[in-house]
Amino acid sequence: MGCYCSTSTSRKVKRPGYEDPTVLASETPCEYPSSLSVTVSEVDALYELYLKLSNSIIQDGLIHKEEFQLALFRNENQKNLFADRIFDLFDVKRNGVIDFGEFVRSLGVFHPNAALEDKIAFAFRLYDLKQTGYIEREELKEMVLALLHESDLFLSDEMIESIVDKTFKDVDTKDDGRIDEDEWKAFVSQHPSLIKNMTLPYLKDITLAFPSFIVRTEVEDTEV
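Because the structure is predicted, anything quoted here is derived from the model rather than measured. (Residues numbered from 1 in each chain as written. Predicted model: local features only at pLDDT ≥ 70, side-chain atom pairs only at ≥ 80, totals over all residues. Heavy atoms only, no water.)

Caption draft 1: Summary view of the overall build of the protein chain. A tally of regular secondary structure across the protein chain gives nine helices and two strands. Going from the N terminus to the C terminus, the protein chain shows its helices and strands as α-α-β-α-α-β-α-α-α-α-α. Counting across all 224 residues of the protein chain, residues that qualify as buried make up 45%. Contacts spanning at least 24 positions in sequence make up 59% of the contacts within the protein chain whose residues lie at least 6 apart. (Helix = DSSP H or I, 4+ residues; strand = E, 2+ residues; numbered from the N terminus. Buried < 20%, exposed > 50% of the residue type's maximum accessible area, 1.4 Å probe, protein only. Contact = heavy atoms within 4.5 Å.)

Written out as structure tokens, the structure is:
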């Protein structure tokens, strides 16, 4: 696997989207004052993971959607609403690829030390499929269907509609037919399990082991 060496006496290999680990660590939001969400050592380890993912299919040092899909589901062609949405949110520059800076900053929100507000905001954007600043009923239904599909759960159309109707009614406290960020935040505060997947505990141990949710690729190390 290619490596990044952080010592001042070693040459730093600058690749597409490369940014200094110290700078990246300082820009990851944290729940605790005077602390970092992602440490410099963790950024170094994430760089190793980034190299693995960004060269798994296309040897250009950038993460393409196919590589992202492969990392999450072992299938580069599998269509998945969650993978598409997460990729779109990671792809801040909207250029169809994820560079190292985008990778670290976006993944930082999943760190155990990341601020709860940032996790709630990211989850809201995940559900806001049309990117209108609101979650509409049909968007909520699409996410519920995707969740059921991922869990291999099969419910009748009537049951699904019932779940969506009840959930939407509980969240839409203003009864205006859409869910805004304040309503979402209030609902998640009462049901914290909704953003349980927004925290990946093993990111704290990234210097010891890569996150298992990504390293399902089983791609052989790439010499860079």
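Caption draft 2: Main features of the layout of surface pockets. Of the volumes computed, that of the second largest pocket is approximately 180 Å³. Considering the residues around the second largest pocket, the lining is formed by 10 residues, among which Arg-105, Ser-106, Val-109, Phe-122 and Arg-125 are closest to the centre. Counting only elements with at least two residues in the lining of the second largest pocket, the list comes to helix 5 (100–107) and helix 6 (116–127). Of the residues forming the lining of the second largest pocket, the biggest block, four residues, is contributed by helix 6. (1 Å grid on protein atoms, 1.4 Å probe; cavity = no way out; pocket = protein on both sides within 12 Å on 5 of 7 lines; lining within 4 Å. Points joined across faces, edges and corners; volume = space filled by probe spheres on them.)

Caption draft 3: Local environment of the nonpolar core. Membership of the largest hydrophobic core comes to 53 residues, with the highest contact counts inside it found for Phe-68, Phe-90, Phe-103, Phe-110 and Trp-184. It is helix 2 (residues 40–54) that contributes the most residues to this core, seven residues altogether. Apart from residues lying up to four places away in sequence, Trp-184 is in contact with Ile-120, Ala-123, Phe-124, Tyr-127, Ile-135, Val-171 and Ile-179. (Core = buried A, V, L, I, M, F, W, Y, C linked by side-chain atoms within 4.5 Å.)

Caption draft 4: The arrangement of the pattern of salt bridges in detail. Following the criterion strictly, the structure yields 14 salt bridges and no others. Among the salt bridges present, the one from Lys-65 reaches Asp-88, with a minimum N-O distance of 3.9 Å. With Lys-65 in helix 3 (residues 65–73) and Asp-88 in helix 4 (residues 81–90), this pair connects stretches of sequence that are 23 residues apart. A salt bridge links Glu-161 to Arg-137, with the shortest nitrogen-to-oxygen separation between them at 2.5 Å. Of this pair, Glu-161 sits in helix 8 (residues 157–171) while Arg-137 sits in helix 7 (residues 137–150), placing them 24 residues apart in sequence. It is possible to trace a salt-bridge network through shared partners that takes in Arg-137, Glu-138, Lys-141, Glu-161 and Asp-165. (Salt bridge = Lys/Arg side-chain N within 4 Å of Asp/Glu carboxyl O.)

Caption draft 5: Molecular detail of the confidence of the model for the protein chain. Per-residue pLDDT for the protein chain averages 79, and the proportion of residues at 70 or more is 75%. The lowest-confidence element of the protein chain is helix 1 (residues 21–26), averaging 81 in pLDDT; the highest-confidence one is strand 2 (residues 97–98), averaging 96. When the criterion is pLDDT under 50, residues 1–12 qualifies, and its contacts beyond four places in sequence or with other chains add up to 24 contacts. Confidence over residues 32–36 falls short of pLDDT 50; this stretch has six contacts with residues more than four positions distant or in other chains. (pLDDT = per-residue confidence, 0-100.)

Caption draft 6: Region of interest: the environment of Thr-39. Take Thr-39: it is sitting in the loop between helix 1 and helix 2. On the basis of relative accessible area, Thr-39 is assigned to the partly exposed category, the value being 33%. Distance from Thr-39 to Pro-21, taken between C-alpha atoms, is 8.7 Å for residues 18 residues apart in sequence.

Caption draft 7: Highlighting the environment of Ala-25. Counting through the fold element by element, Ala-25 comes out in helix 1. We classify Ala-25 as buried; its relative accessible area is 0%. On a C-alpha basis, the gap between Ala-25 and Glu-42 in space is 8.4 Å, while along the polypeptide they are 17 residues apart.

Caption draft 8: Representation of unusual backbone geometry within the structure. With a phi angle near 55°, Arg-94 is a residue other than glycine that sits in the positive phi range. Its location among the elements puts Arg-94 in the loop between helix 4 and strand 2. Look at Gln-131: it is not a glycine, yet its phi comes out positive at around 55°. On the secondary structure map, Gln-131 appears in the loop between helix 6 and helix 7.

Caption draft 9: Seen up close, the environment of Leu-46. Within the fold, Leu-46 resides in helix 2. For the pair Leu-46 and Phe-103, spaced 57 residues apart in the sequence, the C-alpha separation amounts to 8.7 Å.

Caption draft 10: View of helix 7. Along its 14 residues, helix 7 runs 20 Å from first to last C-alpha, staying within 8% of the 20 Å computed at 1.5 Å per residue. Buried residues of helix 7: Glu-139, Leu-140, Lys-141, Met-143, Val-144, Ala-146 and Leu-148, and no others. Tucked into the core, helix 7 has its buried residues touching helix 4, helix 6 and helix 8. In the segment just after helix 7, Asp-152 is the residue with positive phi, at about 55°. (Expected span 1.5 Å × (residues − 1).)

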